[in-house]
Amino acid sequence: MLIIGERINGMFTDVKKAIQAQDPAPIADLARRQVAAGANALDINVGPASRDKLGAMQWLVGIAKEAVDVPLCIDTANAEVMRVGLEAAEGNAIVNSTTGEEERMEATLPLAAEFNCPIIGLTIDAEGVPRDANGRMEIALRLLMACMEKGISATDLYIDAVILPVNALQQVPIQVLEAIKMCKSLSDPPPQTIIGLSNVSQGALYRELLNRTYLVMAVASGLDAAICDPLDDELMEAVIAAEVLLNRNVYCDDFIKAYRR
Ligand code: THG
């Protein structure tokens, strides 16, 4: 299971403040703590408020890269910001993300090919997020075909079936689980699957309980990666236990280590 730490995101007040003050210490600290807690990669997002998005992305990536040695998941819808982030990451990166829209794919897929890195494809098109799992799969197939054309292998494509807040749209979590399962029959080898976990609980009470319960369900449905908060100990314990119970991880070392923490 690929755990991508979500905390270096200008959506969070501490990160936003650090960007505005150009103070590297809180960013380096978040990078180190997330990796120490078990993150295998870090999401980097300048957030909605940043005025100089190019400068902010370059700055964040530089600090994270110096602090830790894991792939950086460059999280932006802007192709220019994406290029700056990929250049700063010097080849150890993940493109987050493209949608199934022609223009977004044209702008983003060549970057993944050029920098030789995996890419996250959101199941979104001009009409937005489809209602159900089948609609998500139509876009996933389009993303997969486009990647093939550009020489990006299926295993370098992470399909993100777009999880939305359960308190607003209660039918979505089950459709996303269905989509995760369906992805495995799109090709051989199939594309990988990912979700931005914390979306599911935005605006809800008992966020951590919702997050960890849903992550376990998604892992059982075949999820390969999650953008989530590795500083949430109970979340990390739950995912490790789930992998042991699904025979995807050897019972013993990891499990006992997680439990003792
Ligand atoms: N898919 C992909 N990338 C993504 C997402 C996704 N990147 C961004 C996001 N979704 C995943 N990361 C977050 C980070 C924070 C929160 C949710 C998802 C979050 N933030 C608090 C909130 O909005 O309530 C902020 C609260 C605070 O300020 O402390 O929940 O789906 N590919």
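Residues numbered from 1 in each chain as written. Predicted model: local features only at pLDDT ≥ 70, side-chain atom pairs only at ≥ 80, totals over all residues. Heavy atoms only, no water.

Asker: Report on the overall build of the protein chain, specifying residues and quantitative values.
Answerer: When its secondary structure is counted, the protein chain shows 10 helices and 8 strands. Its C-alpha atoms give the protein chain a radius of gyration of 18 Å, within 12% of the compact-globule value 18 Å for 261 residues. Each principal axis of the C-alpha atoms in the protein chain carries an extent, and together these give about 50 × 45 × 35 Å. Out of the 261 residues belonging to the protein chain, those deemed buried represent 51%. In the protein chain, once contacts between residues fewer than 6 apart in sequence are set aside, the share between residues at least 24 apart is 66%. For the protein chain, the exposed area adds up to about 12,400 Å²; of that, 51% sits on carbon and sulfur atoms. Treating the 22 positive side-chain charges of the protein chain as one cloud and the 36 negative ones as another, the clouds have centres 5 Å apart. (Helix = DSSP H or I, 4+ residues; strand = E, 2+ residues; numbered from the N terminus. Rg over C-alpha atoms; globule rule 2.2 N^0.38 Å. Buried < 20%, exposed > 50% of the residue type's maximum accessible area, 1.4 Å probe, protein only. Contact = heavy atoms within 4.5 Å. Areas by Shrake-Rupley, 256 points an atom, 1.4 Å probe, with all protein chains shown as cover. Lys, Arg positive; Asp, Glu negative; His and termini not counted. Charge placed at Lys NZ, Arg CZ, Asp CG, Glu CD.)

Asker: Tell me what's going on with the site of the ligand, and back it up with residues and numbers.
Answerer: Around the ligand sit 15 residues, and of these D75, N96, D160, N199 and R207 come closest. Side-chain polar atom of D160 to a nitrogen atom of the ligand: 2.7 Å apart, as the coordinates give it. Take R207: an N or O atom from its side chain is 2.6 Å from an oxygen atom of the ligand. Protein chains bury 76% of the 670 Å² of accessible surface belonging to the ligand in isolation. For the shell around the ligand, a count of residues per class yields 5 nonpolar, 6 polar and 4 charged. (Near = heavy atom within 4 Å. Polar contact = N/O pair within 3.5 Å; in protein donor to acceptor, adjacent residues only side chain to side chain. Nonpolar A, V, L, I, M, F, W, Y, C, P; charged D, E, K, R; others polar.)

Asker: Lay out the environment of I120 in plain terms, naming residues and giving numbers.
Answerer: The residue I120 is located in strand 5 (residues 119-122) in this model. The spatial distance from the C-alpha of I120 to the C-alpha of D160 is 6.6 Å, given a sequence separation of 40 residues. Those residues within four positions of I120 in sequence are excluded, and the remaining contacts are C73, I94, V95, N96, S97, T98, Y158, D160, I194 and I227.

Asker: Give a description of the pattern of salt bridges that names residues and reports values.
Answerer: Within the structure shown, the criterion is met by 9 salt bridges. Measuring nitrogen to oxygen at the nearest pair gives 2.6 Å for the salt bridge that ties R7 to D14. Relative accessible area serves as the criterion here: at 13%, R7 is assigned to the buried category. What you see here is one network of salt bridges that share partners, running through R83, E87 and E114. (Salt bridge = Lys/Arg side-chain N within 4 Å of Asp/Glu carboxyl O.)

Asker: Give me the lowdown on the pairing of strand 2 (residues 41-45), citing residues and values where you can.
Answerer: The element strand 2 is largely enclosed, with a buried count of 5 among its 5 residues. Of the strand pairs in this sheet, strand 1 (residues 2-9) and strand 2 are connected by 4 bridges, and their pairing is parallel. In the strand pairing of strand 2, I8 is matched with I44. For strand 2 and strand 3 (residues 72-75), the ladder comprises 3 bridges, and the chain directions are parallel. Looking at the pairing, D43 lines up with C73 of strand 3. Between strand 2 and its parallel partner strand 3, the chain crosses via helix 3 (residues 53-67), and the hand of that crossover is right-handed. (Pairing = 2+ DSSP bridges. Right-handed = clockwise from strand over helix to strand, strands pointing away.)

Asker: Any details on the packing of helix 8 (residues 207-220) against helix 9 (residues 233-245)? Residues and values, ideally.
Answerer: Two elements in contact, helix 8 and helix 9, have axes separated by 9 Å at closest approach and are oriented at 20°. It follows that helix 8 is roughly parallel to helix 9 by the angle criterion. Both helix 8 and helix 9 take part in a crossing whose hand is right-handed. From helix 8, N211, R212, L215, V216 and V219 reach across to helix 9, where they touch E234, L235, A238, V239, A242 and E243. (Axes fitted to C-alpha atoms, helices over the stretch in contact; angles between N-to-C directions. Parallel < 35°, antiparallel > 145°, perpendicular 65-115°, else oblique. Left-handed = near helix turned anticlockwise from the far one by under 90°.)

Asker: Lay out the sheet that holds strand 3 with the relevant residues and their values.
Answerer: One closed barrel accounts for 8 strands, arranged 1-2-3-4-5-6-7-8; its pairing is parallel. Within this sheet the neighbouring strands show an average axis-to-axis angle of 25°, counted without direction.

Asker: With reference to specific residues and values, describe a nonpolar patch on the surface.
Answerer: Where nonpolar side chains cluster on the molecular surface, the patch consists of L205, Y206 and L209 and spans about 400 Å² of accessible area. Structurally, L209 can be placed in helix 8. With a relative accessible area of 46%, L209 lands in the partly exposed category. (Patch = residues over 30% accessible without salt bridge, like charges linked within 9 Å, V, L, I, M, F, W, Y side chains within 5 Å.)

Asker: Describe helix 1 (residues 13-21), listing the residues and the values that go with them.
Answerer: Within helix 1, burial applies to V15, A18 and I19. End-on, the buried residues of helix 1 take up no more than an arc of 100°, which puts them together on one face. Along helix 1, the residues that are exposed and aim more than 90 degrees away from the buried face are T13, K17, Q20 and A21. On the buried face of helix 1, the contacting elements are strand 1, helix 2 (24-36) and helix 3. Taken from the residues just after helix 1, Q22 is the one with a positive phi, measuring 50°. (Arc of directions from axis to C-beta.)

In short, the description is geometric, and any link to function would need to be established separately.
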